[in-house]
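For reference, the chains in residue letters:
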Amino acid sequence: MDALLSYAVFFVSIAGIYAILSLALNVQWGLTGLFNIGIVAFVAVGAYTSVLLTVEPSATFDGGLGLPLPVGFVGAMVTSAVLAFFVGLITLNLRADYLAIATIGIAEIVRLFLKNEEWLTNGVRGVGGVPRPFAELGQVWMPVAQMLLVLVLLAVVFFLIERARRAPWGRVLRAIRENELTVLASGKTVKAFRLQAFVLGSAIMGLAGALWAHFVGFVSPEAFEPLQTTFLVWVMLIAGGSGNTKGAVLGAFIIWAIWSGSQFATDLLPPEMVTQAGALRMGLIGLLLVLVLLFRNEGLLSESDQRRGDLAREAREERRAG
Amino acid sequence: MIKVENIVKRFGGLTAVDGCTLEVPAGSITAVIGPNGAGKTTLFSIIAGFLKPNEGRVLMDGEDITGMSPPQLFRKGLVRTFQIPHELPRMTVLENLMLVPEAQSGERLLSAWLSPGRVRREEREIRARAEEVLAFLSLYELRHELAGRLSGGQKKLLELGRTMMTEPRVVLLDEPAAGVNRTLLGKLTAAIRQLNEERGYTFVVIEHDMDMIAELCHPVIVMAQGKVLAEGSMDEIRRDPEVLEAYLGGAHA
Amino acid sequence: MAELLQLVVFGLVLGSILTLGAIGLSLTYGILKFAHFAHGDFMTLGAYFALSLVAMAHLPILLSIPIAALATILVALVADRLIYRRLRRTRPVILLIASVGVALILRSAVQIIWGPNVQVYSPGIQLPYVIPFGDGAIRIKPDHLIIMGGALILVSALHVFLQYTRVGKAMRAMSDNPDLARVTGIDTEKIVLWTWGIGIFLAAVGGIFAGMDAQLHPVVGWRLLLPVFAAAILGGIGRPYGAIAGGMTIGLAQELSTLVIDPSYKPAVSFAIMVLVLIFRPRGIFAGRST
């Protein structure tokens, strides 16, 4: 296959995985106002769960059950959800800034765990030989099939989140974000809704982690760094439009284009600067974040755009019904 | 209906409510008045479950409801409004009201995903009810406006509207008239009386507008420095020297 | 016994560093009303400024400390003017996100200017003072004494500042009750500048101390952010005096924890303490009575 075409397939696959992450964060932050800056923890837990469930047994560590891939994906969602449930239970009544620092702590503990519990995770050496979906299709068609898998899952996640957002469930979440006391005074159990949003978002993050691991074929504790896994996702959501489901997806594709474009740019640097490329790109992420907040803090597609869309749709439905 | 017994609430060194005991008769529109800092709003927050008292208890129909959470009390038919309007600023006026009704099946994720038809039917009903309430409060034209853009008086009406989205038994209104213009005020007073007479809601009202209280409320309970100072009809209260002292003393301090 | 005391010494050293970070974080939180996530990276920046002064200008480290800290303040004021001040009218959480952006920019700059590798202020091994004790001995490096002494001096100076100067009193008032402070005619913009000045000064010194205690690397401050936050929360966020107690407690707890848990999980200790505090005493252990 043409190099450009195969790059396009790669690009769409990774951007699609990021779009799933961005949608997951949109449930937590965009809708509910839960400040999770430990996304990497749930992604890593999901990735490792799926990998350990599906790789062939190994002599060096206990993980490796050789189960089929779908089991891995479901397992990833369940483990991330369980982790989120317990984290949520203790931290979700905290103010946004306390939750933020608590999620950083969780990310740190997950990193330490993956690194130190060698019996389970093979420690810093990581786990290779991760089964790739559609490997039987061969070098040419496997990436295409994988891309389609990512896109199908993205569509399913998008559909489910969008339907939940429009339903009374989403209305309660947005209300909690706006004013918790009002929601309490309206007889809703705020904490239960928060917990649902946090667990749902984290389960989806776990799914994205599993997808990524099987796409790349290798996991190690170092592969999950906060910069690419947490902060990049934040920039995507905020740039795309926090609270706007389409914006979350759009932001993921645009920011991933900029991010991977910056790699081409840094590849052109003189060799003595190449080691600094990572640092430059980190600065770029920070700069993007600040610039979006300063000049377009609603994002490309704002939540109010979405509201107008919702109203128009309701009016159409009313006409049809009436 | 509601009985408050020896409630004490301290914030650090400050005692906001200091052994308050009072009773709200069923079917009444009871006023709670008193100078600023008398502990009225704190008492409301305790009754509605937003604050826990240091001492004392709150009874509703003889049942001890002290320390129950606001959602629990809501389900028992006790709702409150806030003195400073607590609207949901980036949501529409309609959404502000549609949030309220309880047991919406669309609030459960699985129903939201799996039975959209049922959710849509319920939504239509809730919406019709919300539009009715908005029409009643003269806010119908603003139903798609963001609640944050309403005027102070309109936000007050929205607070009241929220209590009308359920079938409450006791409504605690914290200064419903403040910032509401005269025309709306007449409407508000009429609404409260109508809800009281026709649907049997019991009201407890914190208010500074004495005309409104005189017109609407009986009995009137006067609080000062965290305690109940006097109780009776508005005329009795007006003649009570202790009450005058509390108000004037408060004004001089 | 000697082993225990040795850990206490390490704990006090770490506690001194955390205290310096936590005071600034607590002050910014109290007065500017947002969690400043770039605080750790300002610590890093201060440490690297000092490195340049020591390595290139050949200044002694003690002289480099105040100069580097002042330079760090300048950077913070630039960040405040260009970014934070423009966002101050929005919700605090927007400022929080912006500070994450600032953190990334600072870390990137540090890595580009000074390189990604581990560095030290003075090559060679410092000979520790050995104090025989019971069946063993306690080792204290001269740098450890500088760190503890320095923190003590700075904390005392801060105390005098907060208690006896007009600006200091105004800062305490604003932290306790911003509305009241505004009504009483305190110049809030001036207080904001002082808050950055003092908070970032202490943070920079803390960063330099962290570099003296171990080594310098571009994430030295980011790694400290979690325990610094834990210390500030433990002390009751917004309360500089609580931050001192919080910093010392977290420092000691982290070092002493190695007696009972695997040292590789040491960084998790501060997190565990923080979560416990948030559950049981959300206003902080050392917050005292709050009104």
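Notes on the structure in this doc start here. Counting restarts for each chain, with residues numbered from 1 along the sequence as it is written. Whichever chain is written first becomes A and whichever ligand is written first becomes 1, with later ones labelled in order. Restriction of local features to residues with pLDDT of at least 70 applies here, the model being predicted, together with a cutoff of 80 or more for giving and counting side-chain atom pairs; totals for whole chains, interfaces and linings are based on all residues. Working from all heavy atoms in the structure, the side-chain values ignore hydrogens and water.

Focus: the overall build of chain A
Part 1: Looking only at helices and strands, one finds 14 helices and 0 strands in chain A.
Part 2: If you list the helices and strands of chain A from N to C, you get α-α-α-α-α-α-α-α-α-α-α-α-α-α.
Part 3: For chain A, the C-alpha radius of gyration of 20 Å lies close to 20 Å, the compact-globule estimate for 322 residues.
Part 4: Taken over the C-alpha atoms alone, chain A extends approximately 60 × 40 × 40 Å along its principal axes.
Part 5: For chain A, the proportion of its 322 residues judged to be buried stands at 60%.
Part 6: In chain A, the share of contacts with a sequence separation of at least 24, taken over all contacts with a separation of at least 6, comes to 78%.
Part 7: Accessible surface area values rest on a Shrake-Rupley calculation with a 1.4 Å probe, where residue burial reflects the displayed protein chains alone. Taken as a whole, chain A presents about 12300 Å² of accessible surface, with 68% of it coming from carbon and sulfur.
Part 8: Counted charges follow a simple rule, with Lys and Arg positive, Asp and Glu negative, and His plus the chain ends left uncounted. Where a charge lies is defined by one atom per residue type, namely NZ (Lys), CZ (Arg), CG (Asp) and CD (Glu). Distance between charge centroids for chain A: 11 Å, based on 23 positive and 22 negative side chains. Only DSSP runs of H or I covering at least 4 residues are called helices, and only runs of E covering at least 2 are called strands; the numbering of each starts at the N terminus. Radius of gyration means the value over C-alpha atoms here, while the globule rule gives 2.2 Å times the residue count to the 0.38 power. Any residue under 20% of the maximum accessible area for its type is buried, any over 50% is exposed, and the rest in between are partly exposed; the area is computed with a 1.4 Å probe on protein chains only. Only heavy atoms matter for contacts: two residues are in contact if any of them lie within 4.5 Å across the pair.

A short note on the interface of chain B and chain A
Part 1: Tallying the contact residues gives 34 residues for chain B and 32 residues for chain A.
Part 2: Interface area, chain B with chain A, both sides summed: about 3000 Å², of which 61% is carbon and sulfur.
Part 3: Here the quantity called buried area is the accessible surface, traced with a 1.4 Å probe, that two parts lose on coming together, added over both. For the chain B face of the interface with chain A, the top three residues by lost area are B:Leu99, B:Glu107 and B:Trp113, together amounting to 22%.
Part 4: A salt bridge links B:Arg127 to A:Glu314; its shortest N-O distance comes to 2.4 Å. For this analysis, a salt bridge means a side-chain nitrogen from Lys or Arg found within 4 Å of a carboxyl oxygen belonging to Asp or Glu.

Let's talk about the interface of chain A and chain C
Part 1: Counting residues at the interface gives 39 residues for chain A, matched by 40 residues for chain C.
Part 2: For the pairing of chain A and chain C, the buried interface totals around 3400 Å² over both sides, and the portion due to carbon and sulfur atoms is 80%.
Part 3: Here chain A is connected to chain C by 0 salt bridges.
Part 4: N or O atoms closer than or at 3.5 Å make up a polar contact, with two conditions inside protein: a donor-capable atom paired with an acceptor-capable one, and, for residues adjacent in sequence, both atoms drawn from side chains. For the interface between chain A and chain C, the tally reads 7 residue pairs in polar contact (both at pLDDT 80 or more).
Part 5: Counting residues per element, the ones that place at least two in the side of chain A that touches chain C are helix H4 (96-116), helix H10 (226-240) and helix H13 (277-295) of chain A.
Part 6: Ranked by residue count, the leading element in the side of chain A that touches chain C is H4(A), at 15 residues.
Part 7: Residue classes in the side of chain A that touches chain C are distributed as 28 nonpolar, 6 polar and 5 charged. We call Asp, Glu, Lys and Arg charged. Ala, Val, Leu, Ile, Met, Phe, Trp, Tyr, Cys and Pro are nonpolar, and the rest, Gly among them, are polar.

Focus: the sheet that holds strand S4 (residues 55-60) of chain B
Residues and elements named next belong to chain B.
Part 1: A pair of strands is considered paired only if DSSP assigns at least 2 bridges between the two. An order of S2-S1-S4-S5 is seen for the 4 strands of this open sheet, with the pairing classed as antiparallel. This sheet does not close on itself; its edge strands, each paired only once, are strand S2 (14-24) and strand S5 (63-64).
Part 2: Two elements, S4 and S5, share 2 bridges in a ladder whose sense is antiparallel. Paired with Leu59 across the two strands is Asp64, which belongs to S5.

Observations concerning the pattern of salt bridges
Part 1: In the structure shown here, the tally under the stated rule is 33 salt bridges over all chains.
Part 2: Note that B:Arg182 is salt-bridged to B:Asp209, the shortest N-O span being 3.6 Å. Pair noted here: B:Arg182 is in helix H7 (residues 182-199) and B:Asp209 is in the loop between strand S8 (202-206) and helix H8 (210-216), with a separation of 27 residues, a long-range link.
Part 3: Residue classification places B:Arg182 among the exposed residues on the basis of a relative accessible area of 62%.
Part 4: Bridged by salt links that share partners, the residues A:Glu162, A:Arg165, A:Arg166, A:Asp310 and A:Arg313 form one connected network.

Some words on the packing of aromatic side chains
Part 1: Planes of paired rings set the category: under 30 degrees apart is stacked, over 60 is edge-to-face and the rest tilted, where pairs are Phe, Tyr or Trp rings (Trp by its six-membered ring) whose centres lie within 6.5 Å. The final tally for this structure, using the stated rule, is 21 aromatic pairs over all chains.
Part 2: Measuring from ring centre to ring centre gives 5.8 Å for A:Phe42 and A:Phe198, while their planes differ by 85°; the resulting arrangement is edge-to-face. With A:Phe42 in helix H2 (residues 39-54) and A:Phe198 in helix H9 (residues 190-216), this pair connects stretches of sequence that are 156 residues apart. Like A:Phe42, the residue A:Phe198 is buried in the burial classification.
Part 3: Members of the aromatic cluster, joined through ring pairs, are A:Tyr7, A:Phe10, A:Phe11, A:Phe215 and A:Phe264.
Part 4: In this arrangement the basic side chain of A:Arg281 is found over the ring face of A:Trp259, its NZ or CZ atom lying 4.1 Å from the centre.
Part 5: A ring is considered to have a charge above it if a Lys NZ or an Arg CZ atom is located within 6 Å of its centre and within 35 degrees of its normal. It is B:Arg143 that lies over the ring of B:Tyr140; its NZ or CZ is 4.2 Å from the centre.

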